[in-house]
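Read off the chains here:
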Amino acid sequence: MKSPASLLVLLLLSPALWAAEADLYVLADSDFKASRETTHEISNMPPIKDQNGAGLCYSFSAATVAEQYICKLNNCGRYSEDDLVSPISLAGFSSNSAAIEDGGNPGLILAELAKGPALRKEKCAPFPPLAKLLRQSGGWDALQAKFSNYKVNQGCTTCLESEIRKYFPAHIEQLSTALQQSSFEAFLWEIFVPASCKSSQVIRMPPVIDKSHPVTGNSPKDRQRAMARIEQLLLSDIPVLTTVCIERKGQVCAEGHATVVSGIREVCNANGDCRLQLKVHNSYGLGWQMQNQNGWVQADQYLEAIESLHWLERPGQTYSEKKLARSSHPDFEVAPERTVRKSILSKPGENIRDFTLNCYRLGGTPAFTDSGRRCDFR
Amino acid sequence: MAFHALGILLAATTGASANAETYRYWKTTVPEKIDIVEVAKFHVDEFCARRKASCKALTAYKLNPSKQVRKHAQLKGHPASDHCESVAGSVQILTDSKLNQANFCQFEDGSLVDSWDLFSAYQKRVKGASR
């Protein structure tokens, strides 16, 4: 189920809405300088992506977090095309197989990643053909019309195929499977996200636990706790997927965005005026990063819009106890995690791996006894 | 502005950009390289930089976006990408040597400009006019 609060819908081409989003990304004046001592940046972040014409910020951000996790485990240096996960294939983890649409919940994607699925590489489910379809004037409607015509009249596969070829020049092995789908969205999904990929085009997600921190309240304390969590994670070299609200209608976030935060620093000017900044790894392409001081934006304004934090950590992860060295900001206090359960037993038929991962995911410690498996909480 | 760390090559190929840095990109769909240089805060393709006055990519910020932008109402892109389309450009995603992707706007004369440079210049023009 999608949670209304975290349902993300990307941006309309509305100047007012863009202005609202631009308010999130407040840059420091040029007289503010950073120092190495007051900067912590995750070094092995994946390349910057560009979501172009699709409202898929949530799956692009999730792909970035997954790529970084896999890279870190493998001590990877430079990323190659083989290290890149297909963002459009991850969109299916957020809702259903017909998920080539706007809006989605990155938390659901990370939860699926924790189940250790085989991830399609970008090579297997590439984004450019879909992007081209979305950008082509009338392209979507023309393809939909040809699909409907095929379904109604049971004919002209070649008409449909020639239409698809405008976007997907390579041989489409999955066409026959796609044609069996009843809805246009499911048909598109089959075309752009093949049900199976060659083994060289798949990455097995290593053991991982997904965690999240909803930012439900609007009080300064809620924001400070979120900031404390972000700082703790970044100093533990864990990138943080953040969902932010751009436009609110009452209690519901009507327009949102998802990005990955990969660094924290303090910048100061000669007068001793200091600001805390976060580094945003945005799926808006390299041009956005460079126009926005490589993504370093003021933490205060960004925090105001944060709805939730999501991250991936390895089983048994311990967090850094370090704090960012800074001159003016107080230390933020991490809220203690509250637990209400004492222990839960393993489900019948649940294998050890799933049990262990689920237990860690819930914040517990697995215990193996003669009477069975148990997940203990303190 | 240092556009990106890697992929910077010293440009000595064109008169127009003799002192400028060249940034090398590749198309995502075909193995074709494209060299980008900075001209008056716009990152444009080298050919555009050479013929400046007649290059659409350098004057496109003066265009007003058309209202009919979205081809499929439910699918929305980022603002610079949308703006490119609204001024009759088409988006090209280019990739640098580190696999970073950059959003470029291509016009009918073939010229390319970074979509964020274009969007930013358009916004500055509009804000300046409304003062």
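Residues numbered from 1 in each chain as written. Chains lettered and ligands numbered in written order. Predicted model: local features only at pLDDT ≥ 70, side-chain atom pairs only at ≥ 80, totals over all residues. Heavy atoms only, no water.

Student: What is the right way to look at the overall build of chain B in this model?
Tutor: The secondary structure content of chain B amounts to 4 helices and 7 strands. The order of α-helices and β-strands along chain B, N terminus first, is β-β-β-β-α-α-α-β-β-β-α. Among the 131 residues that make up chain B, the fraction classed as buried is 53%. Long-range pairs, those at least 24 residues apart, make up 42% of the contacts in chain B between residues at least 6 apart in sequence. (Helix = DSSP H or I, 4+ residues; strand = E, 2+ residues; numbered from the N terminus. Buried < 20%, exposed > 50% of the residue type's maximum accessible area, 1.4 Å probe, protein only. Contact = heavy atoms within 4.5 Å.)

Student: Which parts of the structure should I look at to understand the overall build of chain A?
Tutor: When its secondary structure is counted, chain A shows 13 helices and 12 strands. Residues counted as buried form 54% of the 378 residues belonging to chain A. The long-range share in chain A, meaning contacts at least 24 apart out of those at least 6 apart in sequence, stands at 71%.

Student: Explanation requested: the pattern of salt bridges in the structure shown.
Tutor: A pair can form between side chains of opposite charge whenever their charged atoms are brought close. Counted according to the given criterion, the structure contains 14 salt bridges over all chains. The residue Lys27 of chain B makes a salt bridge to Glu32 of chain B at a minimum N-O spacing of 3.6 Å. Residue Glu32 of chain B is classed as partly exposed on the basis of its relative accessible area, which comes to 38%. A cluster of three or more residues bridged by salt bridges with shared partners is formed by Asp82, Lys121 and Lys123 of chain A. (Salt bridge = Lys/Arg side-chain N within 4 Å of Asp/Glu carboxyl O.)

Student: Sorry if this is basic, but what is going on with unusual backbone geometry here?
Tutor: Where the residue is not glycine, phi is negative for most of them; where a peptide bond is considered, it is trans in most cases. Even without being a glycine, Asn75 of chain A presents a positive backbone phi close to 50°. Residue placement: Asn75 of chain A occurs in the loop between helix H2 (57-73) and helix H3 (87-94). Notably, Ala88 of chain B is not glycine yet its phi reads approximately 65°, a positive angle. As for its position among the elements, Ala88 of chain B is in the loop between helix H3 (79-86) and strand E5 (90-95).

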